[in-house]
Amino acid sequence: MNQKQKKVLVRIFAAALCMAVLALLPVTGLLRFGLFMIPYLIIGYDILKKAVKGILNRQVFDENFLMAVATVGAILLGEYTEGVAVMLFYQIGELFQSYAVGKSRKNISELMDIRPDYANVERDGEVRQTDPDEVEIGSILLVQPGEKIPIDGVVQEGASALNTSALTGESLPREVKEGDEVISGCINMTGVLRIRTTKEFGESTVSKILDLVENASSRKSRSENFISRFARIYTPAVCYGALALAVLPPLVRMLFLGLPPQWGMWVYRALTFLVISCPCALVISIPLGFFAGIGGAGREGVLVKGSNYLEALAAARYVVFDKTGTMTQGVFEVNGIHHNRIGEEELLEYAALAECYSAHPISRSLKNAYGKEIDKSRVQGVEEIGGNGVTAKVDGKAVAVGNGRLMKRLGIAYEECHQAGTVVHVAVEGCYMGHLLISDRLKPHAKEAVSALEGAGIEHLVMLTGDSRAAAEHTARELGIKTVYSELLPADKVAKTEELLAEKPEREKLVFVGDGVNDAPVLSRADIGIAMGALGSDAAIEAADVVLMDDDPLKIAKAIRISRKCIRIVYENIYFAIGVKLLCLLLGALGIANMWLAIFADVGVMVLAVLNAIRALFVKNL
Amino acid sequence: MKKTYKIEVDCANCANKMEEAAKKTEGVRDAVVNFMTLKMKVEFEEGSDPKQVMQAVLKNCKRVEDDCEIFL
């Protein structure tokens, strides 16, 4: 609690104590009025002051004015206790609101506490602590264990494990060594790193993310705009209603019905109206709900660029995704060894050795699968046959490694592979020894991700890919996706997405998920563009509306569930707050609800709505 | 030109009012007040002096909500 809040708290206690004592004292008349003025002024002097200033500035319908009128009115009617109580509860409500908002503000900014305070720049053998903003590209930074990496760069010297959880929500540390790129905002855990910066601080990942998060709640959602419009109409409407309630019924009674006007009763009812007229609960709880939702999502490594996207995401019914890099890892691996007549290890060894001089991605994946140091002296007479493969002598044996065309060319009978992917046949001394299947691998959670999306009520799952039909359909089958469009150029992906956009009903939103590599146009064309594994990819952060910091596809469904929870809470608050207020207005007009109930309608609803809104922050187990 | 200023205000409705007031100030093309982050983002008209405009914005904000502050 800050100084201001503490002061209000003291005033609340003082006024409450005062009131309790007065309630027991059997005083009447002017003395009673005078005594009740003490707690009233203790708790309400600032409201009264503001109300007067408001009138002078021609700002009539603000809540200070309303509270002042309602309480002064009650006191004039002789309802001292209620006058003071309304002020007291109003202040309690305000205090609670400012405390809750301050608290969640702090919570969320702590969550996003990735801003580095300094950079240790090494120059001429000296290390100086510098403001990250002043570090030039190509500077050498020294990062000790426990420190944040301040600026994106490349490891020049040293090896360490990095904690990326502040950025990605991923708790597994990332190993880095010399030559690896590192991203600002990660925490260095084990070893000292010397990093050569490749960007300025303003262009570094950490700045981009902070900028994004800080601006997120400025993009207002439809619900927020609705509330500010509603608040603008609601307060004056209720005030005029109150005026009408105070004046019309007594006049009607007096002039037409010939009954006594009962001014006091109707004015009291009108004052009750004024107490309910403040739209605080709505005005605070809706932005707070979105803020908490965006904050909670951020903690899970899901960055949402604005409340409007969170709202759209909750209405998602179509999810279109790219295959390579989104559902698959986009790296080629040996995924199967078939029809082998020698041991798998041995077959792989022949293939890796024969291909050892090649820099082709296929040969790289062979070497990775082999996993041992390659002794190049065992390989002689390597001959690359473009578009076919290689032949070489390994340990003196003639080895041929390549595709079907190579086997045909050498006149060796081979077995076709029935699975999608690139097939590498191996023959030793003219005898067919089997083949290796190299294909892109599904991401570890790809399958669960698809079923999680289906579980979240996404009815239309579509996969777009530039890959061959066989590979695309194979992946789709494995994932359980029915609709797949293959062999698409980037422009075709945009066209397909537009087709889907035209087909679907307006209310159902279409999400496109890509890895940000060459699908930026589609990301921006879709209702919501989600970029995956965006850590370090500026283009993706730029183009997407929602950014998944790591590349786990399960986060897609998670992001949707987070947005749904947040929107559900926002709507609960809207219906609850408006509903209770309207009900209390009605009961107040009929004289069933007194001022005490009106205070509950105002403060109680606000407290409950704020507490409910904060719930949007808790999304870990969604 | 866009600039971001830190603000101090107690209630969300007051923040909305500040936004309205800032928008109506001469020399301001658009203004967004973010109550949750306590920031005001102002987009200035071409050729206007942000310093002068912000003085006017502050004055207008003070008029609608006495208890507010913009850290210029």
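Here the structure is a predicted model, which is why all the values come from computation and not from measurement.

Trainee: Can you walk me through the overall build of chain A in this structure?
Mentor: The number of helices and strands found in chain A is 20 helices and 22 strands. Its C-alpha atoms give chain A a radius of gyration of 35 Å, more than 25% over the compact-globule value 25 Å for 622 residues. Once the C-alpha set of chain A is aligned to its principal axes, its extents read approximately 120 × 65 × 40 Å. Nonlocal contacts in chain A, meaning residues at least 24 apart in sequence, comprise 66% of its contacts between residues at least 6 apart.

Trainee: In this structure, what is going on with the environment of Val428(A)? I would like to understand it.
Mentor: Residues and elements named next belong to chain A. Relative to the elements of secondary structure, Val428 occurs in strand β16 (residues 422-428). Judged by the 21 C-beta atoms lying within 10 Å of it, Val428 falls in the buried class. Sequence separation between Val428 and Ala351 is 77 residues; the distance between their C-alpha atoms is 9.9 Å. For Val428, the contacting residues outside a window of four places in its chain are Tyr350, Lys397, Val399 and Met433.

Trainee: What's the story with the confidence of the model for chain B in this structure? I'm lost.
Mentor: Residue and element names in this part refer to chain B. Of the residues in chain B, 100% have a pLDDT of 70 or more, and the chain-wide mean is 85. Between the elements of chain B, mean pLDDT differs from a low of 84, seen in strand β1 (residues 2-8), to a high of 88, seen in helix α2 (residues 50-64). We note a pTM of 0.79 for the whole complex and an ipTM of 0.81 for its interfaces.

Trainee: Can you help me understand the interface of chain A and chain B in this one?
Mentor: With 19 residues of chain A in contact, the opposing surface of chain B contributes 15 residues. When contributions to the side of chain A that touches chain B are tallied by element, the ones reaching two or more residues are α2 (29-56), α4 (80-111), α7 (222-257) and α9 (280-299) of chain A. In terms of residues, the side of chain A that touches chain B owes the most to one element, α9(A), which gives 6 residues. Taken together, the residues that form the side of chain A that touches chain B break down as 8 nonpolar, 7 polar and 4 charged.

Trainee: Teacher, can you tell me more about the environment of Gly389(A) here?
Mentor: Residue and element names in this part refer to chain A. Note that Gly389 resides in strand β14 (residues 389-394). Sequence-wise, Gly389 and Leu437 are 48 residues apart; in three dimensions their C-alpha atoms are separated by 15 Å. What Gly389 contacts, discounting residues up to four positions off in sequence, is Ala400, Val401, Gly402, Asn403 and Leu406.

Trainee: Would you mind showing me how to read the pairing of strand β3 (residues 39-44) of chain B here?
Mentor: Put simply, side chains in a regular strand alternate between the two faces of the sheet. Residue and element names in this part refer to chain B. Alignment of β1 against β3, held across 5 bridges, turns out to be antiparallel. Opposite Lys6, over in β3, you have Lys39 as the bridge partner. Relative to β3, strand β2 (residues 28-34) runs antiparallel, the two being bridged by 6 bridges. The residue bridging Val33 from the neighbouring strand is Met40, located in β3. Hairpin remark: β2 followed by β3, antiparallel, with 4 residues in the connecting loop; positive phi at Leu38, about 55°.

Trainee: Would you mind showing me how to read the sheet that holds strand β2 (residues 126-130) of chain A here?
Mentor: Two modes of strand pairing occur in sheets, parallel and antiparallel, and in both the strands are linked by backbone hydrogen bonds. All names here are of chain A. Strand order across the open sheet formed by 6 strands is β2-β1-β3-β9-β4-β7, with antiparallel pairing between neighbours. If you trace the sheet from one side to the other, it starts and ends with β2 and β7 (181-182), each paired once. Two elements, strand β4 (residues 153-157) and β7, share 2 bridges in a ladder whose sense is antiparallel. Residue pairing in the sheet places Gly153 in a bridge with Val182 of β7.

Trainee: Sorry if this is basic, but what is going on with the environment of Arg341(A) here?
Mentor: Residues and elements named next belong to chain A. Looking at where Arg341 falls in the secondary structure, it is placed in the loop between β12 (328-338) and α11 (344-354). C-beta crowding within 10 Å serves as the criterion here: with 12 such atoms nearby, Arg341 is assigned to the exposed category. As a C-alpha pair, Arg341 and Met265 span 76 residues in sequence and 101 Å in three-dimensional space. Contact partners of Arg341, with chain neighbours within four places excluded, come to Met433 and Gly434.

Trainee: Is there a simple way to think about the sheet that holds strand β4 (residues 69-71) of chain B in this case?
Mentor: Residue and element names in this part refer to chain B. The strand order β2-β3-β1-β4 describes an open sheet built from 4 strands, whose pairing is antiparallel. Bordering the open sheet on either side are β2 and β4, each of which pairs with just one other strand. The average undirected angle you get between the axes of adjacent strands in this sheet is 30°. Lying on the sheet, helix α1 (residues 12-24) is in contact with β2 and β3; it crosses β2 at an angle near 170°. The strands that α2 touches are β1, β2, β3 and β4; relative to β4, the one it contacts most, it runs at about 160°.

Trainee: Any chance you could explain the packing of helix α14 (residues 446-455) of chain A against helix α19 (residues 554-590) of chain A here in plain terms?
Mentor: Between two packed helices, the angle of one axis relative to the other and the distance separating the axes together describe the packing. Residues and elements named next belong to chain A. In the contact formed by α14 and α19, the axes pass within 7 Å of each other and the chain directions differ by 25°. By the angle class used here, α14 and α19 are roughly parallel. Like other packed secondary-structure pairs, α14 and α19 cross with a definite hand, here left-handed. The segment α14 lies against α19, with Glu448, Ala449, Ala452 and Leu453 engaging Leu554, Ile556 and Ala557.

Trainee: Quick question: what am I supposed to make of the nonpolar core here?
Mentor: It is characteristic of soluble globular proteins that their nonpolar side chains tend to be buried jointly. Residue and element names in this part refer to chain A. Within the largest apolar cluster, 169 residues are counted, with the highest numbers of intra-cluster contacts made by Val86, Val511, Ile530 and Val546. Among the elements that line this core, the one with the most residues is α19, at 13 residues. Residues contacting Val546, with those up to four places away along its chain left out, are Val302, Leu303, Val304, Lys305, Tyr309, Leu313, Ile528, Ile530 and Ala559. Grouped together as the second largest cluster of nonpolar side chains are 29 residues, Ala352, Ile362, Leu366 and Ile438 included.

Trainee: Can you walk me through helix α15 (residues 469-479) of chain A in this structure?
Mentor: Given 3.6 residues to a turn, an α-helix orients residues that are three or four positions apart in the same direction. All names here are of chain A. Those residues of α15 lying buried are Ala471, Ala472, Thr475, Ala476 and Leu479. On an axial view of α15, the arc spanned by its buried residues comes to 130°, and they lie on one face. Away from its buried face by more than 90 degrees, α15 exposes Ala470 and Arg477. Backbone geometry just downstream of α15 places Gly480 in the positive-phi region, at approximately 85°.

Trainee: What am I meant to see in unusual backbone geometry here?
Mentor: With the exception of glycine, the majority of residues adopt a negative phi angle, and the majority of peptide bonds are in the trans configuration. Residue and element names in this part refer to chain A. Residue Asp124 is not a glycine yet carries a positive backbone phi of 50°. Mapping Asp124 onto the fold places it in the loop between β1 (119-123) and β2. The backbone of Glu487 shows a phi angle near 55°, a positive value even though the residue is not glycine. Looking at the element boundaries, Glu487 is found in the loop between β19 (483-485) and α16 (490-503).

Rules behind the numbers
- The numbering scheme is per chain: residues are counted from 1 as the chain's sequence reads.
- As they are written, the chains are lettered A onward and the ligands numbered 1 onward, keeping that order.
- Reporting in this predicted model follows two pLDDT cut-offs: at least 70 for local features of residues, and 80 or more for side-chain atom pairs to be given and counted; totals over whole chains, interfaces and linings ignore these cut-offs and use all residues.
- Numbering of helices and strands runs from the N terminus; a helix is a DSSP stretch of H or I covering at least four residues, while a strand is a stretch of E covering at least two.
- Atoms counted for the radius of gyration: C-alpha only. Globule rule: 2.2 Å times the number of residues to the power 0.38.
- We call two residues in contact if the C-beta atoms placed from their backbones are at most 7 Å apart.
- As a rule, residues whose C-beta atom has 12 or fewer other C-beta atoms within 10 Å are exposed, those with 20 or more are buried, and those in between are partly exposed; C-beta atoms are placed from the backbone.
- The pLDDT score gives, residue by residue, the confidence of the prediction method on a 0 to 100 scale.
- Following the grouping adopted for this structure description, the nonpolar residues are Ala, Val, Leu, Ile, Met, Phe, Trp, Tyr, Cys and Pro, the charged ones are Asp, Glu, Lys and Arg, and the polar ones are all others, Gly among them.
- Strand pairing requires that DSSP identify at least two bridges connecting the strands.
- With axes taken as lines fitted to C-alpha atoms, and helix axes fitted only over the stretch in contact, angles between N-to-C directions fall between 0 and 180 degrees.
- What sets the label is the angle itself: under 35 degrees gives roughly parallel, over 145 gives roughly antiparallel, 65 to 115 gives roughly perpendicular, and the rest give oblique.
- We call a crossing left-handed when the near helix sits turned anticlockwise from the far one by less than a right angle, and right-handed when that turn is clockwise.
- We call a set of buried Ala, Val, Leu, Ile, Met, Phe, Trp, Tyr and Cys residues a nonpolar core when their C-beta atoms link them within 7 Å.
- The arc in question is the one traced by the directions running from the helix axis out to the C-beta atoms.

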